[in-house]
Amino acid sequence: TEVQRKVLTLMDITLEIPEGTLYNNFFPAIENDTLNSGTGFGRFLLYHPVDQEYNKKTSSTWMRGHTDAGALTFILSQSILSLQIRSYADNQWKYVSHVPNSIIVNIGDTFKFLTDGYFKSSIHRVHTAPEDQKNYTRNTVIYFASPKLDIYMDSGSLGSPKLKRLGYKLDD
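Residues numbered from 1 in each chain as written. Predicted model: local features only at pLDDT ≥ 70, side-chain atom pairs only at ≥ 80, totals over all residues. Heavy atoms only, no water.

Draft legend 1. Region of the structure containing empty space enclosed by the protein. By the definition in use, this model includes 2 cavities of 30 Å³ or more. In this structure, the largest cavity spans a volume of roughly 90 Å³. For the largest cavity, the lining is made up of 13 residues, of which Gln 78, Ile 80, Leu 83, Val 96 and Ile 104 are closest to its centre. Classifying every residue of the lining of the largest cavity by side-chain character gives 7 nonpolar, 5 polar and 1 charged. (1 Å grid on protein atoms, 1.4 Å probe; cavity = no way out; pocket = protein on both sides within 12 Å on 5 of 7 lines; lining within 4 Å. Points joined across faces, edges and corners; volume = space filled by probe spheres on them. Nonpolar A, V, L, I, M, F, W, Y, C, P; charged D, E, K, R; others polar.)

Below is the structure:
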């Protein structure tokens, strides 16, 4: 919850809305009240080394490019590179660099809709590790965070001066 709250506060600042707006209105953690609390789930993933035949059959892609439906995805960074992000600037796949003791945060479709496209969903995939790392087992922990269940996905509910000033409107 603390890491999520810090990321949401940075997003509040970026959107020029009062700090705590996103957490309090969309992702609160209310004890014994799951209906009015933000939601989420975790995954533990273990990828074993694969042989050349498998890589050939899958074009070295273990999980195709996709976006996550939730709001934020938190991934524990690890030294074996496999996660790739597709750049919006040049449409190229790039490995996500490892930073020790850090968490990778992907923005999901929920924030794309909630901000009328200001925050873009991270297009990502899992790819065979580089040659010098391909024989290692890779494991990670992922947490998918979503807002509370009864929210309406409308940027107007944020009251963001920035979105209004920049004219963001996903669908007219």
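Having seen the model, we can carry on.
Draft legend 2. The side chain of Gln 4, seen in detail. Tracing the sequence through the fold places Gln 4 in helix α1 (residues 2–15). For Gln 4, the residues in contact, after removing those within four places along its chain, are Phe 27, Phe 74, Tyr 143 and Ala 145. (Helix = DSSP H or I, 4+ residues; strand = E, 2+ residues; numbered from the N terminus. Contact = heavy atoms within 4.5 Å.)

Draft legend 3. View of the sheet that holds strand β1 (residues 39–47). Here we have 4 strands laid out as an open sheet, ordered β1-β8-β3-β6, and antiparallel in their pairing. The open sheet has two edge strands with one neighbour each: β1 and β6 (103–107). Across the sheet, the axes of successive neighbouring strands diverge by a mean angle of 20°, strand direction being ignored. Across 5 bridges, the pairing between strand β3 (residues 72–76) and β6 is antiparallel. Each residue of the ladder has a partner; that of Thr 73, found in β6, is Asn 106. Helix-sheet contacts for α1 involve β3, β6 and β8 (138–146), and the interaxial angle to β3 is about 130°. (Pairing = 2+ DSSP bridges. Axes fitted to C-alpha atoms, helices over the stretch in contact; angles between N-to-C directions.)

Draft legend 4. Spotlight on the layout of surface pockets. Looking at the largest pocket, its volume works out to about 280 Å³. If you trace the largest pocket, you find 19 residues lining it, with His 66, Asp 68, His 124, Ile 142 and Phe 144 closest to the centre. When contributions to the lining of the largest pocket are tallied by element, the ones reaching two or more residues are β1, β2 (61–66), β3, β7 (124–127) and β8. The residue inventory of the lining of the largest pocket, partitioned by class, reads 10 nonpolar, 6 polar and 3 charged.

Draft legend 5. Local environment of the nonpolar core. One finds Leu 8, Met 11, Leu 22, Leu 72, Phe 111 and Leu 158 to be the most contacted residues of the largest nonpolar core, which totals 20 residues. Looking at this core, the elements with two or more residues in it are α1, α2 (21–26), β3 and α4 (109–114). Residue contributions to this core peak at 4 residues, all from α1. With residues near it in sequence (within four places) discarded, Met 11 still touches Leu 22, Leu 72, Ile 107, Phe 111 and Phe 119. (Core = buried A, V, L, I, M, F, W, Y, C linked by side-chain atoms within 4.5 Å. Buried < 20%, exposed > 50% of the residue type's maximum accessible area, 1.4 Å probe, protein only.)

Draft legend 6. Structural context of a nonpolar patch on the surface. A cluster of nonpolar residues, Val 3, Phe 44, Leu 76, Ile 103, Val 105 and Val 141, forms a patch on the protein surface that exposes about 510 Å² of accessible area. The exposure class of Val 105 is partly exposed, given its relative accessible area of 32%. (Patch = residues over 30% accessible without salt bridge, like charges linked within 9 Å, V, L, I, M, F, W, Y side chains within 5 Å. Areas by Shrake-Rupley, 256 points an atom, 1.4 Å probe, with all protein chains shown as cover. Salt bridge = Lys/Arg side-chain N within 4 Å of Asp/Glu carboxyl O.)

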